[in-house]
Amino acid sequence: DQQVKQNSPSLSVQEGRISILNCDYTNSMFDYFLWYKKYPAEGPTFLISISSIKDKNEDGRFTVFLNKSAKHLSLHIVPSQPGDSAVYFCAASFGFGNEKLTFGTGTRLTIIP
Amino acid sequence: GAVVSQHPSRVICKSGTSVKIECRSLDFQATTMFWYRQFPKQSLMLMATSNEGSKATYEQGVEKDKFLINHASLTLSTLTVTSAHPEDSSFYICSATSPYGYTFGSGTRLTVV
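Participant: Requested: an account of the interface of chain B and chain A, with residues and values cited.
Facilitator: Contact with chain B, which involves 19 residues of that partner, is made by 20 residues of chain A. Buried surface at the junction of chain B and chain A, both sides included, amounts to about 1,600 Å², of which 60% is carbon and sulfur. Area buried by chain B at its contact with chain A is led by Leu44, Tyr102 and Phe104 of chain B, which between them contribute 37% of it. On the surface where chain B and chain A come into contact, there are one salt bridge. With a closest N to O distance of 3.0 Å, Glu59 of chain B and Lys100 of chain A form a salt bridge. Where chain B packs against chain A, one counts six residue pairs in polar contact (both at pLDDT 80 or more). Those elements giving two or more residues to the side of chain B that touches chain A turn out to be strand S4 (32-38), strand S5 (44-51), strand S9 (90-98) and strand S10 (101-104) of chain B. No other element matches the four residues that S4 of chain B contributes to the side of chain B that touches chain A.

Participant: Got a sec to walk through the state of the cysteines? Specific residues and values, please.
Facilitator: What the rule picks out here adds up to two disulfides over all chains. Across the disulfide from Cys23 of chain A sits Cys90 of chain A; the S-S distance is 1.9 Å. Looking along the S-S bond of the Cys23 of chain A-Cys90 of chain A disulfide, the torsion reads about 70°, which is the right-handed sense. Residue Cys23 of chain A is found in strand S3 (residues 19-25), and its partner Cys90 of chain A is found in strand S9 (residues 86-93); the two are separated by 67 residues along the sequence. Classification of Cys90 of chain A by relative accessible area gives buried; the value is 0%. Paired by a disulfide, Cys23 of chain B and Cys94 of chain B hold their sulfur atoms 2.0 Å apart. Residues Cys23 of chain B and Cys94 of chain B are joined through a disulfide that is right-handed, its torsion about the S-S bond being 80°. Here Cys94 of chain B lies in strand S9 and Cys23 of chain B lies in strand S3 (residues 19-25), a separation of 71 residues in the sequence. Comparing Cys23 of chain B with Cys94 of chain B, the two get one shared label, buried. In this structure Cys13 of chain B is not part of a disulfide, and its nearest cysteine sulfur, from Cys94 of chain B, lies 18 Å away.

Analysis parameters
- All chains use their own residue numbering, which begins from 1 and follows the written sequence.
- Lettering for chains starts from A, numbering for ligands starts from 1, and both go in the order in which the items are written.
- Local features in this predicted model are restricted to residues of pLDDT 70 or higher, and side-chain atom pairs are both shown and tallied only at a pLDDT of 80 or more, whereas totals for entire chains, interfaces and linings draw on every residue.
- Excluded from the side-chain calculations are hydrogens and water; all other atoms, namely the structure's heavy atoms, are used.
- Residue contacts are counted whenever heavy atoms from the two residues lie within 4.5 Å of one another.
- By buried area we mean the combined loss of accessible area, with a 1.4 Å probe, across both parts when two parts are placed together.
- Basic side-chain nitrogens of Lys or Arg form a salt bridge, by our definition, when they fall within 4 Å of a carboxyl oxygen of Asp or Glu.
- Polar contacts here mean pairs of N or O atoms no more than 3.5 Å apart (in protein, one a potential hydrogen donor and the other a potential acceptor; neighbouring residues in sequence count only if both atoms are side-chain atoms).
- Secondary structure elements follow DSSP: runs of H or I no shorter than four residues count as helices, runs of E no shorter than two count as strands, and numbering proceeds from the N terminus.
- When two cysteine sulfur atoms are found within 2.5 Å, that pair is recorded as a disulfide.
- For each residue, the accessible area found with a 1.4 Å probe, counting protein chains only, is set against the maximum for its type, and the residue is called buried under 20%, exposed over 50%, and partly exposed in between.

In structure tokens:
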């Protein structure tokens, strides 16, 4: 049972444009969400997170939006850069701290120069 | 920031042998560490939660006698794949909760031949 899903396995975006990656979850008890960037044969790199008490969090080019009623979150990257090409995973947990992460299925983002 | 060191980065072993993977928190103490496995083009799946000084908690479907986890100190957790078989070939990643959030190791590519 995949509790966290990313329905787009891949996404291509022109350099300079906005990249929007989507993530849906089924368990309403999740209250902390994170986005990671990952290259093959490497560990995930943390990008940005959001707790369920917020609906938006911004850090530089990265913004995460959370819609609790729809159980949906999205990551916006603007402007997109060639170095952003990677696989992006969303993850959810029941709180922050020593709680396990449940990862989404991943979206491969390709930035076209 | 916090660093989690994972070794080896890649290992090839013969079927039937055992392999140990180490995960160290270098500049913080980790009472809890997590072990994930990622098959090609798939999500990161949690295998077990490792707690210092106590037995690990395994996810459903993960054989605890095959994947031995030891968390003997606040900075070291080990995963031993016993009697490895080709189907155990995968990418294994550890994670720990640091003051800065979830920090991941660089992963271990295990190939069983």
